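Structural features, examined
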Amino acid sequence: MGKLKGKKRYKKLGLAPGSVIYTGDKSSKKLFIEAFDYNIEQCIDKELNNVEDIFEFKHIDTITWINLNGLNHVNEIEKIGNHFNLHPLVLEDIVSISQRPKIDEYDDYLFVVLKMLYQDENETIISEQVSFVLGKNYVLSFQEADGDVFDTVRDRIRHGKGRVRTMQADYLLYILMDAIVDHYFSIIESLGEKIEDYESRIFSGHVDKSINKDIQDLKREVLRVRRAIFPLREVISRIEKHESPLILDKTKTFYRDIYDHLIQVSENIDIYREMIWSLMDMYMTTISNRMNEVMKVLTIMASIFIPLTFIAGIYGMNFDYMPELHYKYSYFILWGVMIVLFIGMLYYFKRKKWL
Amino acid sequence: MGKLKGKKRYKKLGLAPGSVIYTGDKSSKKLFIEAFDYNIEQCIDKELNNVEDIFEFKHIDTITWINLNGLNHVNEIEKIGNHFNLHPLVLEDIVSISQRPKIDEYDDYLFVVLKMLYQDENETIISEQVSFVLGKNYVLSFQEADGDVFDTVRDRIRHGKGRVRTMQADYLLYILMDAIVDHYFSIIESLGEKIEDYESRIFSGHVDKSINKDIQDLKREVLRVRRAIFPLREVISRIEKHESPLILDKTKTFYRDIYDHLIQVSENIDIYREMIWSLMDMYMTTISNRMNEVMKVLTIMASIFIPLTFIAGIYGMNFDYMPELHYKYSYFILWGVMIVLFIGMLYYFKRKKWL
Amino acid sequence: MGKLKGKKRYKKLGLAPGSVIYTGDKSSKKLFIEAFDYNIEQCIDKELNNVEDIFEFKHIDTITWINLNGLNHVNEIEKIGNHFNLHPLVLEDIVSISQRPKIDEYDDYLFVVLKMLYQDENETIISEQVSFVLGKNYVLSFQEADGDVFDTVRDRIRHGKGRVRTMQADYLLYILMDAIVDHYFSIIESLGEKIEDYESRIFSGHVDKSINKDIQDLKREVLRVRRAIFPLREVISRIEKHESPLILDKTKTFYRDIYDHLIQVSENIDIYREMIWSLMDMYMTTISNRMNEVMKVLTIMASIFIPLTFIAGIYGMNFDYMPELHYKYSYFILWGVMIVLFIGMLYYFKRKKWL
Amino acid sequence: MGKLKGKKRYKKLGLAPGSVIYTGDKSSKKLFIEAFDYNIEQCIDKELNNVEDIFEFKHIDTITWINLNGLNHVNEIEKIGNHFNLHPLVLEDIVSISQRPKIDEYDDYLFVVLKMLYQDENETIISEQVSFVLGKNYVLSFQEADGDVFDTVRDRIRHGKGRVRTMQADYLLYILMDAIVDHYFSIIESLGEKIEDYESRIFSGHVDKSINKDIQDLKREVLRVRRAIFPLREVISRIEKHESPLILDKTKTFYRDIYDHLIQVSENIDIYREMIWSLMDMYMTTISNRMNEVMKVLTIMASIFIPLTFIAGIYGMNFDYMPELHYKYSYFILWGVMIVLFIGMLYYFKRKKWL
Amino acid sequence: MGKLKGKKRYKKLGLAPGSVIYTGDKSSKKLFIEAFDYNIEQCIDKELNNVEDIFEFKHIDTITWINLNGLNHVNEIEKIGNHFNLHPLVLEDIVSISQRPKIDEYDDYLFVVLKMLYQDENETIISEQVSFVLGKNYVLSFQEADGDVFDTVRDRIRHGKGRVRTMQADYLLYILMDAIVDHYFSIIESLGEKIEDYESRIFSGHVDKSINKDIQDLKREVLRVRRAIFPLREVISRIEKHESPLILDKTKTFYRDIYDHLIQVSENIDIYREMIWSLMDMYMTTISNRMNEVMKVLTIMASIFIPLTFIAGIYGMNFDYMPELHYKYSYFILWGVMIVLFIGMLYYFKRKKWL
Ligand SMILES: [Mg+2]
Ligand SMILES: [Mg+2]
Ligand SMILES: [Mg+2]
Ligand SMILES: [Mg+2]
Ligand SMILES: [Mg+2]
Ligand SMILES: [Mg+2]
Ligand SMILES: [Mg+2]
Ligand SMILES: [Mg+2]
Ligand SMILES: [Mg+2]
Ligand SMILES: [Mg+2]
Ligand SMILES: [Mg+2]
Ligand SMILES: [Mg+2]
Ligand SMILES: [Mg+2]
Ligand SMILES: [Mg+2]
Ligand SMILES: [Mg+2]
Ligand SMILES: [Mg+2]
Ligand SMILES: [Mg+2]
Ligand SMILES: [Mg+2]
Ligand SMILES: [Mg+2]
Ligand SMILES: [Mg+2]
Ligand SMILES: [Mg+2]
Ligand SMILES: [Mg+2]
Ligand SMILES: [Mg+2]
Ligand SMILES: [Mg+2]
Ligand SMILES: [Mg+2]
Ligand SMILES: [Mg+2]
Ligand SMILES: [Mg+2]
Ligand SMILES: [Mg+2]
Ligand SMILES: [Mg+2]
Ligand SMILES: [Mg+2]
Ligand SMILES: [Mg+2]
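One numbering rule holds for all chains: residues counted from 1, following each sequence as written. Following the order in which they are written, the chains are lettered starting with A and the ligands numbered starting with 1. Selection of residues for local features in this predicted model requires a pLDDT of at least 70, selection of side-chain atom pairs for listing and counting requires 80 or more, and totals for whole chains, interfaces and linings are taken over all residues. Neither water nor hydrogens contribute to the side-chain values; these are computed over all heavy atoms in the structure.

Examining the overall build of chain A
For the record, the criterion: Numbering of helices and strands runs from the N terminus, with a helix taken as a DSSP run of H or I at least four residues long and a strand as a DSSP run of E at least two residues long. Every radius of gyration here is taken over C-alpha atoms, with the globule rule written as 2.2 Å times N^0.38, N being the number of residues. With a 1.4 Å probe rolled over the protein chains alone, any residue whose accessible area is under 20% of its type maximum counts as buried; one over 50% counts as exposed, and the rest are partly exposed. Calculation of accessible area relied on Shrake-Rupley with a 1.4 Å probe; when residues are assessed, cover is drawn exclusively from the protein chains displayed. When charges are tallied, Lys and Arg are placed among the positive residues and Asp and Glu among the negative ones, while His and the ends of the chain are skipped. By convention, the charge on Lys lies at NZ, on Arg at CZ, on Asp at CG and on Glu at CD.
Across its full length, chain A carries eight helices and seven strands. Computed over the C-alpha atoms, the radius of gyration of chain A is 35 Å, more than 25% above the 20 Å expected from 2.2 N^0.38 for a compact globule of 355 residues. Principal-axis analysis of the C-alpha atoms gives chain A an extent of 120 × 45 × 30 Å. Counting the 355 residues in chain A, one finds 63% classified as buried. Carbon and sulfur atoms provide 52% of the accessible area of chain A, an area that totals close to 13700 Å². Across chain A, the mean location of the 46 positive side-chain charges is 7 Å away from that of the 52 negative side-chain charges.

Focus: the coordination of the magnesium ion (ligand 24)
This is how it is decided: Here the term donor refers to an N, O or S atom within 2.8 Å of the metal (or 3.2 Å for Na, K and Ca), and because water is left out of the atoms, sites may appear incomplete.
At the metal site, the magnesium ion (ligand 24) is ligated by Asp178 of chain D (OD) and Asp182 of chain D (OD), and these contacts range over 2.2 to 2.5 Å. The buried category is assigned to Asp178 of chain D, whose relative accessible area is 4%.

A look at the interface of chain B and chain C
Under the convention used in this document: Should any heavy atoms of two residues lie within 4.5 Å, those residues are counted as being in contact. Buried area: the sum, over both parts, of the accessible surface (1.4 Å probe) that disappears when the two are put together. A pairing counts as a salt bridge when a side-chain nitrogen of Lys or Arg comes within 4 Å of a carboxyl oxygen of Asp or Glu. Here a polar contact is recorded for every N or O atom pair within 3.5 Å, except that within protein the pair must consist of a potential hydrogen donor and a potential acceptor, and residues adjacent in sequence are included only if both atoms are side-chain atoms. The residue classification treats Ala, Val, Leu, Ile, Met, Phe, Trp, Tyr, Cys and Pro as nonpolar and Asp, Glu, Lys and Arg as charged. All others, Gly included, are polar.
Counting from both sides, the interface comprises 68 residues of chain B and, opposite them, 70 residues of chain C. Carbon and sulfur atoms supply 63% of the area buried between chain B and chain C, which totals about 6200 Å² over both sides. Among the residues chain B hides against chain C, the three largest losses belong to Glu274, Phe310 and Phe319 of chain B. Together they make up 11% of the total. For the pair chain B and chain C, the interface holds seven salt bridges. Among the ionic pairs, Glu293 of chain C bridges to Lys352 of chain B, the shortest N-O distance being 4.0 Å. Between chain B and chain C we count 26 residue pairs in polar contact (both at pLDDT 80 or more) in total. Within the residue set of the side of chain B that touches chain C, elements represented by two or more residues are α4 (151-159), α5 (169-204), α7 (249-314) and α8 (330-351) of chain B. Per element, the largest residue contribution to the side of chain B that touches chain C is 36 residues, and it comes from α7 of chain B. Its residues placed into classes, the side of chain B that touches chain C shows 32 nonpolar, 18 polar and 18 charged.

Looking at the interface of chain B and chain A
Between chain B and chain A, the residue contacts involve 70 residues of the former and 70 residues of the latter. Summing the contributions of chain B and of chain A, the shared interface buries around 6200 Å²; its carbon and sulfur component is 63%. Summed over the shared surface of chain B and chain A, the result is seven salt bridges. One salt bridge connects Glu267 of chain A with Arg100 of chain B, and the closest N-O pair in it is separated by 2.9 Å. Counting every contact that joins chain B to chain A gives 25 residue pairs in polar contact (both at pLDDT 80 or more). Counting residues per element, the ones that place at least two in the side of chain B that touches chain A are α1 (6-12), α3 (88-95), β4 (102-105), α6 (211-241), α7 and α8 of chain B. A per-element tally of the side of chain B that touches chain A places α7 of chain B first, with 21 residues. When the residues that make up the side of chain B that touches chain A are grouped by side-chain class, the tally is 35 nonpolar, 13 polar and 22 charged.

Section: the coordination of the magnesium ion (ligand 10)
Note on the magnesium ion (ligand 10): its protein donors are Asp257 of chain A (OD) and Asp93 of chain B (OD). The metal-donor distances range over 2.0 Å. Here Asp257 of chain A is found in helix α7 (residues 249-314), whereas its partner Asp93 of chain B is found in helix α3 on a different chain. Across the pair, Asp93 of chain B and Asp257 of chain A agree in class, each one buried.

Some words on the pattern of salt bridges
For the structure shown, the criterion picks out 120 salt bridges over all chains. A salt bridge links Lys213 of chain A to Glu199 of chain E; its shortest N-O distance comes to 3.4 Å. Within this pair, whereas Lys213 of chain A is found in helix α6 (residues 211-241), its partner Glu199 of chain E is found in helix α5 (residues 169-204), the two belonging to separate chains. The exposure classification of Lys213 of chain A matches that of Glu199 of chain E, with both residues buried. Here Arg226 of chain A makes a salt bridge to Asp270 of chain A, at a shortest N to O gap of 3.0 Å. In this pair, Arg226 of chain A sits in helix α6 while Asp270 of chain A sits in helix α7, placing the two residues 44 residues apart along the sequence. Judged by its relative accessible area of 23%, Arg226 of chain A is partly exposed. Beyond isolated ion pairs, a larger network of salt bridges with shared partners links Glu34, Asp148, Asp151 and Arg154 of chain A.

Focus: the UniProt feature "transmembrane region" (unreviewed entry) in chain A
All names here are of chain A. Convention followed: UniProt positions are given in the numbering used here, feature names are shortened, and annotations may be inferred rather than shown by experiment.
In this structure's numbering, the residues bearing the UniProt feature "transmembrane region" (unreviewed entry) are residues 297-317 and 329-349. Helix makes up 86% of residues 297-317 and strand 0%, whereas the separation of the span's terminal C-alpha atoms amounts to 30 Å. Structurally, residues 329-349 comprises 95% helix and 0% strand, and the distance from its first C-alpha atom to its last is 30 Å.

Looking at the arrangement of the chains
The two units chain B and chain D remain apart, with a minimum C-alpha distance of 9 Å. Here chain C and chain E are not in contact; the least distance found between their C-alpha atoms is 9 Å.

Considerations on the relation of the copies chain B and chain C
The operation relating the two chain copies consists of a rotation about an axis and a shift along that axis. The following threshold applies: For the least-squares superposition of copies, only C-alpha atoms count, and only for residues with pLDDT at least 70 in both.
Superposing chain B onto chain C requires a rotation of 72 degrees together with a translation of 0.0 Å along the rotation axis, leaving an RMSD of 0.1 Å. What the superposition gives is, in effect, a five-fold axis relating one chain to the other. Among all residues of chain B, the one whose C-alpha sits closest to the rotation axis is Gly316 of chain B, at a distance of 4.5 Å.

As for the sheet that holds strand β5 (residues 109-119) of chain E
Residues and elements named next belong to chain E. Put simply, the test is: Paired strands, in this sense, are two strands between which DSSP finds at least two bridges. Interaxial angle, 0 to 180 degrees, is taken between N-to-C directions of lines fitted to C-alpha atoms, where a helix line uses only the stretch in contact.
The seven strands lie next to each other as β2-β1-β3-β7-β6-β5-β4, forming an open sheet whose pairing is mixed. Of all strands in the sheet, those bounded by a partner on one side alone are β2 (43-48) and β4 (102-105). Between one strand and the next, the sheet's axes are offset by a mean angle of 15 degrees, whatever the strand orientation. One ladder, built from eleven bridges, connects β5 with strand β6 (residues 125-135); its direction is antiparallel. In the strand pairing of β6, Tyr109 is matched with Gly135. The strands that helix α4 (residues 151-159) touches are β1 (32-38), β2 and β3 (63-69); relative to β1, the one it contacts most, it runs at about 35 degrees.

Considerations on the packing of aromatic side chains
All names here are of chain D. Under the convention used in this document: Put simply, two rings from Phe, Tyr or Trp (the six-membered ring, in Trp's case) pair if the centres are within 6.5 Å, and we call them stacked under 30 degrees between planes, edge-to-face over 60, tilted for the rest.
The full count for this structure, using the stated rule, is 90 aromatic pairs over all chains. Ring centres of Trp65 and Phe150 lie 5.9 Å apart, and the angle between their planes is 80 degrees; on these two criteria the pair is classed as edge-to-face. Separated by 85 residues along the polypeptide, Trp65 in strand β3 (residues 63-69) and Phe150 in the loop between β7 (138-143) and α4 (151-159) bring together distant segments of the chain. Accessibility expressed as a relative area gives 0% for Trp65, which makes it buried. For the pair Phe349 and Trp354, a centre-to-centre distance of 5.5 Å together with 25 degrees between the ring planes defines the contact as stacked.

Side note on a nonpolar patch on the surface
Rules: Each patch groups residues whose relative accessible area exceeds 30% and which form no salt bridge, using 9 Å between like charges and 5 Å between nonpolar side chains of Val, Leu, Ile, Met, Phe, Trp and Tyr.
Residues Tyr321 of chain A together with Tyr329, Phe332, Ile333, Val337 and Leu341 of chain B make up a contiguous nonpolar surface patch of roughly 580 Å² in combined accessible area. Secondary-structure assignment places Phe332 of chain B in helix α8. When its relative accessible area of 38% is taken as the criterion, Phe332 of chain B is described as partly exposed.

Things to note about the domain arrangement of chain A
Quite often, the size of an interface is put as the accessible area lost when its parts meet. Worth spelling out the cut-off: As annotated, the domain borders come from an automatic or database domain assignment.
In terms of domains, chain A is made up of domain 1 (2-285) and domain 2 (295-351). Distance from the C-alpha centre of domain 1 of chain A to the C-alpha centre of domain 2 of chain A: 76 Å.

Structural notes on α5 of chain E
Residues and elements named next belong to chain E. Which entries qualify depends on this criterion: Each residue after the first adds 1.5 Å to the expected span of a helix.
End to end, α5 covers 54 Å across 36 residues, agreeing with the expected 52 Å (1.5 Å per residue, within 8%). For α5, a buried count of 28 out of 36 residues is recorded, marking the element as mostly surrounded by other parts of the structure. Among the residues trailing α5, Gly205 stands out with phi positive, at a value near 85 degrees.

A word on the environment of Glu105 of chain E
Residue and element names in this part refer to chain E. Note on placement: Glu105 falls in strand β4. For Glu105, a relative accessible area of 31% corresponds to the partly exposed category. Separated by 133 residues in the primary sequence, Glu105 and Arg238 have C-alpha atoms spaced 9.2 Å apart. Among all residues touching Glu105, those that are not within four sequence positions of it are Leu110, Arg238 and His242. Here Arg238 takes part through its side chain, which lies 2.8 Å from a polar atom of the side chain of Glu105. For Glu105, the side chain forms a polar contact with the side chain of His242, separated by 2.7 Å.

This is how it looks when you write it as structure tokens:
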């Protein structure tokens, strides 16, 4: 979840603003750079070995998407930054992986940071920071490591599916962000399923005590997903209102569609948050119900046998003069009395619905 | 409740924006199209067999309502979309059945999505998405499947009841939405009754443990109805403020009336939400009260008979020299003592109000 | 509290907008109409037998207050509506008794709906809907049934007390609304007393289990009073900002005074709401305290007598060789030991503060 | 705390607006009027016996502060009102002691109502309403009864300390309000101490059951202090933005300082409010912890002696053929077995950390 | 945490506004003043012995940072105030150490107060108030005592690291505030770790009763850190919008970066706040779970041995005619019956999952 790790943060304490320091923990990752350069007629798609190979794409008229994986390669990122005239604070944010989603509007480019959420094979939610720079004719994207949700975008560019090849760079940024937001839906779905799963486990009583901790962890997870997604609404709404040739009017309709999806995701998250709070209450009543049951067993056993034991105790006394002891049928009569008492008690508890 | 279903969502992952994919689960429904074409003097009302039959209605001066049931028929919907110049994202939203209520204002038409809520024969709340396109002289409506709340509207158009035949298309959209909102009242009523029913069940103590799960489910239901209704307020208020010949000033008074009803429904929902939260607390105190009762029975039985059994135990001892054993009336005196103790105990618990 | 009743609502389902249908349950009430017509010099005050008698008052220069009791008389109300050019939706709202407080500003009149709250002889809070139409020179008021809080207003008009006879219709509307708002204070006072009463009952422990339900009902009552009062703030604030000859500037100071009172009432309601929530917690701790007490009695009794009974059991055994049985003072020594144990136990529990 | 008292409120029901009725309960207080009249050179300071003595101060150029104690003297207050041209609603508010803090801006004066909070000798928080009228060259202040927080202000005026004698009436109003707000700090401090005191009492376990009620009362007190203080922020902020010669620009810096203090007080109150809510939860866990302890004692006693008693019971049976009874060391062996069992049990409970 | 201390506050009651009174508790601290005076070419850095040595720096063109430690030296601070024309209220705020974070914009300087948070060697969070005055070419800073987070800033100025030596005074203020905000990250990290630590302690069951108080203290700590940090967002955002030569446009980008960090910190704090609330619930369920276990032990012991004791009691009775007593194998059969019962009971409890 990209939570703030102690040691990394401290590394940044005392550094000058704009210091480009990678704060993540994947420092041994290999650098990977790919470029897509296209217009309506053609599309070049290649892996670059050298940061310098990027530079040629800046001024040509075709649309270019350059994607870089490996935020630990700060030198290369600084070189790109210099070539594209990025502000030092932008470079600092790109490699600070606990940056919250935001947009910064500069004169000749937009800088967008957001969180790409997806599940790994263990259904753990992975949050990877992605930064975009949208300039005239190009989009730069920066990811912490390999693996992303953009494969269908690559496919659409390569084979000219959809309208991407006929549109400008603002539309390219849109479909990249759309791919990320589409994945949020599967994240919240899996959160929803987890909640329902916990509910039925608690309800069925098949819980061990760790449910306590599990609920707390789920709560934390929902709060963190919330924090990754909610600020993005403001980002999109700023893009929609942005006034510059970087964002064309006809593309704004598409951004409005992302905004719409984000609202939907947000509403779901807030419902989940509310549901989780009541899980704990639900668990508490379950515990109390179980204690009630334990108490009933004890009470029934004790209430039935303690009086009977008392009666037996009476006739175990050693007084010289206890007339009942000498009647022939005393013993059997007593058994009769005790059985009647026993059945009476059972009937009483039955009526009280304790049995 | 039209909640996000895992498989369907995933189907959409990676698709280009504007892909018209039906996300519901009623894929075998037959297509049904009906058209009402009227002015103050006459009204034509027919079922259409062909999507192409719709097209003639677009440019004539009479008001036309075209209603389509069967969102699985995406090809036909795309044909309509092309003919009426609808934006691809509009078509995508029409067939995405988990779309949240919203309005999109395009140059020559308004697009409105909302949720039609009604109860089926088992009193389950059904949420069906309805989309409207309001153009000059026409209203298009799209429903997932047959069955709706518009029968009285059809009747009023056919027989010229009320003022619908004297008004424009904006008024037609109004009475359709009004019919939907009027049904929200019966939904929240039934939610209110459910809450009161749970309250009295919990209060009377006639609850099995499933009440726990029932409350949680009710909470979820209220939250979902809330999510279906609340965004509609913004939609209506946008219509009221809309500046174009599509919405006439004199019709805005009517939309304000819907807005007013929505606020009323919303306030009710928020009261219900608050009431449900305290149901759980109420249940918890009920459980505790019941445990108190169980404990009292145990305590009374044990407190009365344990001391008496002790006394009996004393005179069951086998010491050679125990003077009381040999007095003639010892046994009877002891019975007296025990009866006095017994009554004293009962009196004590009576005074403590435990009996 | 005028809550939504199932059958009435359904009656309205499917009706054309502007249908004037009474939704209350007092359909057998007699119609009562009274008129006050006054200026600074004179005051006519009479009961009218005929709706048509109202019409003459519309155009004369004196100020007129027409009050109608009996919303079931929809025909008469429609006649008035036609004569005063009221919008059909206004008429619909007048007779829809679960309308939320609101103001609608029309070209030549203002329409205000609000709730008159008062307590009947059983201290039940009654909510009656009152509608006002403020036109040039006249105020119309519509009530569901006889009985209101306006008697002092009638008195002031008749006898020229205060400044009402020297002012315009906007001031008349003001003193009518002021009379209603003044009554809100006694309503919230009685809610406050109820809460304090519950608190002391719970605290003193003199509660039966119905307190549970009582708290829930009180919560519901506070939420409903809240809903009746809160929207009125917006209504008054809209009057204050209203720009037309209907509301004179010098009268706005007076409306600001009502606004001020409403804020005060609202703050009280929100404090009550918060207090009620903690009543439940308070009750829960009370139950737990009581269970603690029950458990202590049980534990003390059991802890004292179970070990003593064990000792008695030992000397009730029938072993051939048990030396203690044959010593002369064994029995008395044993009694001593048991008494010491008994006192020791008592002392132990005393020190633990359980006694 | 100046809470709404039943009888007083009802007294006002049905009265014309602007009726000057004292709503407090100190109706036998003597009237006290004092006047300070000063400029940079001199200062007159006298007690007035007659309301009419005030009038001379209105038009002279020196700054005048007139303070009146005794809101029950409504006639005198009305005389002042007439002389200074105060609106009837202002006079009504001055003597309505449950008025919420507010500012009313009239053409030639400002009217401010607020709450003076201080603690009496029993540390009870007293809330007294104070009203101010700020005109050109004068400030009027109205208090319910004798005793206030203005002594240091009087001192500063008399002896020309600070800058008050060099400034206008707006600065005089400022230092009066500043004195009131400064006292809020000691109120919230004492609330904070109460909360910490309750916390340690609950934590240490030295609580009787009344803690329940105490917490509820504290909650109510905090909510009421909150209600007395929070609206004042809006009042000050309105003074800061007020545009008229009544408030000079250079004085606004000082009002901003009060605002700043109010925000600080408000933040503290909201923290206290949150802390109080968790006191109840803390108390609840304390009760449960105590019950746990009680249960452990019972369980240990019962679990140890019930099995031992059973064994003793076995050898108290009267079967003709029970071989153990006749072995010479049976009795001693049995003792050994029972002691081993006893120690085993103790060890078991020790290991479970119940001892 | 700089919480309001009773005695200090009272000291200020009744003082004239602008009275420069130190409200902290470090009144014996030595005065320490240091000055940095630099431009792109050179940097003077010296400790000053005399307040008067500061004055020369005011009008020269180089950028000057003067830092003063020791708020108890009010006379010296007043001298500085007079020389730099600071408003009396500014001086009052500088030495009032419980001032909330704020900005005051004066004509020729900005005054900023905020809280420097850091942990001492015991991991206690220390909050020290720092005030800044930003004028043309100079920044003044005031601290309560020695020790701060500015060492890296001093280093950067001395050795010309980063861009500080090439920028104006607004950038100097920025890097000082940035150093403070950077430290907030380590504070919230340590809060986060504390919460997780409490969670695992509660979950593992290794809690003594003081956890109760610990949670309450942690809650208070989070609320206080919140109060120290949240108002700073408004401060920064006011700097960003400030229009005067004091803040250059190119520096605003840097302030936006601080703002961004503050939002991130704030979000974390609010998540922690929510997590802490559920700690208490988690603890409560843990207690209840433990009570359940205690009850189970008791119930199992009692349910098994009470019936067996009853049976033994039966055959301890002294009736003359009890046939079973005289059969040869009665005793052994009885043992068999009791062992079967015993095992049956164990099996029953096993199946109920109580064992
Ligand atoms: Mg994150
Ligand atoms: Mg830094
Ligand atoms: Mg940054
Ligand atoms: Mg990646
Ligand atoms: Mg999408
Ligand atoms: Mg809870
Ligand atoms: Mg709870
Ligand atoms: Mg939905
Ligand atoms: Mg997509
Ligand atoms: Mg869409
Ligand atoms: Mg349908
Ligand atoms: Mg309707
Ligand atoms: Mg609760
Ligand atoms: Mg209708
Ligand atoms: Mg209506
Ligand atoms: Mg209605
Ligand atoms: Mg009436
Ligand atoms: Mg009033
Ligand atoms: Mg109502
Ligand atoms: Mg009145
Ligand atoms: Mg008033
Ligand atoms: Mg008050
Ligand atoms: Mg006083
Ligand atoms: Mg002050
Ligand atoms: Mg609670
Ligand atoms: Mg502080
Ligand atoms: Mg002061
Ligand atoms: Mg200050
Ligand atoms: Mg320091
Ligand atoms: Mg920083
Ligand atoms: Mg709680």
